[in-house]
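Listed here are the chains, written in short residue letters.
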Amino acid sequence: MAKITEGIYAIQGMDEFIPDSHTYVIGEPSSMDLSIIDVGLAGKGRYKIQSILKDGVELTAIKRIIMTHTHFDHIGCISEVLKEIPHAELWVHEAEAELLERGDDRAVYGMDMFKSMCQMQYGLSSDAFRLTVHRKLKGDEKLMLGNMEWEIIHIPGHSSGGIALYNREKKVLIPGDVVYADYAIGRFDLFGADAKELRNSLMKLSKLEVDMLLPGHNQLVKGLPSDYISRTLKMWEPYLI
Ligand SMILES: [Zn+2]
Ligand SMILES: [Zn+2]
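Position labels on residues start from 1 in each chain and follow its written sequence. Written order determines the labels here, with chains lettered from A and ligands numbered from 1. With pLDDT at 70 or above as the cut-off, local features in this predicted model cover only qualifying residues; side-chain atom pairs require 80 or more to be listed or tallied, and sums for whole chains, interfaces and linings still use all residues.

## Some thoughts on the overall build of the chain
The line we're drawing: The helix count covers DSSP runs of H or I at least four residues long, the strand count covers runs of E at least two residues long, and both are numbered beginning at the N terminus. Burial is judged by counting other C-beta atoms within 10 Å of a residue's own C-beta: 20 or more means buried, 12 or fewer means exposed, and anything between counts as partly exposed, with every C-beta placed from the backbone. Any residue pair is listed as a contact if its two C-beta atoms, each placed from the backbone, are within 7 Å.
For the chain, the helix and strand inventory stands at eight helices and 13 strands. Summarising its shape, the C-alpha atoms of the chain cover approximately 45 × 45 × 30 Å along the three principal directions. Of all 241 residues assigned to the chain, the portion counted as buried reaches 45%. If you take every contact in the chain between residues at least 6 apart in sequence, the share linking residues at least 24 apart comes to 66%.

Shown next as structure tokens:
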């Protein structure tokens, strides 16, 4: 894992022909109350777990997996990871949690064509993502996780139950696939996506003071310009209608 700052660690996604999301581990190591944010693509569970173990983190210290959203590139290896840490709780925004619990995987694959491709490529059964969710997030929670305060912000648009995690003290934002480096934003053409909601979500994020942007893919940015998210929104606004 790469240490981003005290209590925040990153494992780079290992992209194949499908991208693998970055995985973040948050919480003070001594707290024994760590959270994994997004496990990543199918087949990457071993790589992610090995990266955690290499840094001497005990798997018993990991208490939960929080999903920024439930796309395949973010939760594909969830069963692989749960085999190693079966005690971990699953936390997801309620909008996507309800789909997972019903075994409705439209929010996982986003579109039918991608579903059949993934199932074939990874040998996944049709109920591979029927999961029990332990905590359904609503947005606006302030959570003490590993001795750090994290705010949950509901940012739909890329998906219906997308969330960001925000640490106000360190000015760190983990926005999933809603906003990336290089003025890029998440796509808004998949199941559950909505361009207008994405616009509102970017607007919400633009009001935060963010020094470190830790997105689901591509570069992590330290020293983010203060108007970065609002400039990104301005660029994309004509398309977000
Ligand atoms: Zn996504
Ligand atoms: Zn993604």
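## Quick look at the pairing of strand 5 (residues 62-66)
Where we set the bar: Strands qualify as paired when DSSP identifies two bridges or more between them. The handedness rule is simple: strands pointing away from the viewer, and a clockwise path from the first strand over the helix to the second, make the crossover right-handed.
Relative to strand 5, strand 4 (residues 34-37) is paired through four bridges, and the arrangement is parallel. In the sheet register, Ser35 faces strand 5, and the bridge partner there is Arg64. Since strand 4 and strand 5 lie parallel, the crossover through helix 1 (residues 45-54) that links them has a hand, and here it is right-handed. Note that strand 5 and strand 6 (residues 89-93) share three bridges and pair parallel. Bridging across to strand 6, Ile66 finds its partner in Trp91.

## Details of the nonpolar core
For clarity, the threshold we go by: A set of buried residues drawn from Ala, Val, Leu, Ile, Met, Phe, Trp, Tyr and Cys, joined through C-beta atoms within 7 Å, is what defines a nonpolar core.
Core analysis: the largest hydrophobic core is formed by 62 residues, its most contacted members being Tyr24, Ile26, Ala164, Leu173, Ile174 and Leu202. If one sorts the elements of this core by residue count, strand 10 (residues 163-167) sits on top with four residues. Here Leu173 is in contact with Ala164, Tyr166, Leu205, Leu208, Val210, Leu213 and Leu214, once residues within four sequence places are set aside.

## Points about helix 1
Counted only if it meets this: Taking the helix axis as origin, the arc is that swept by the directions to the C-beta atoms.
When helix 1 is considered as a whole, its buried residues turn out to be Gly45, Lys48, Ile49, Ser51 and Ile52. The buried residues of helix 1 occupy one face: seen down the axis, they fall within an arc of 155°. For helix 1, exposure combined with an orientation more than 90 degrees from the buried face picks out Gln50 and Lys54. The inward-facing, buried residues of helix 1 abut strand 2 (8-11), strand 3 (23-26) and helix 3 (78-84).

## Details of the environment of Asp211
Secondary-structure assignment places Asp211 in the loop between helix 7 (195-206) and strand 12 (212-213). Taking the C-alpha atoms as reference points, Asp211 and Arg168, separated by 43 residues in sequence, lie 9.9 Å from one another.

Interpretation note: all reported values are geometric properties and have no functional meaning in isolation.
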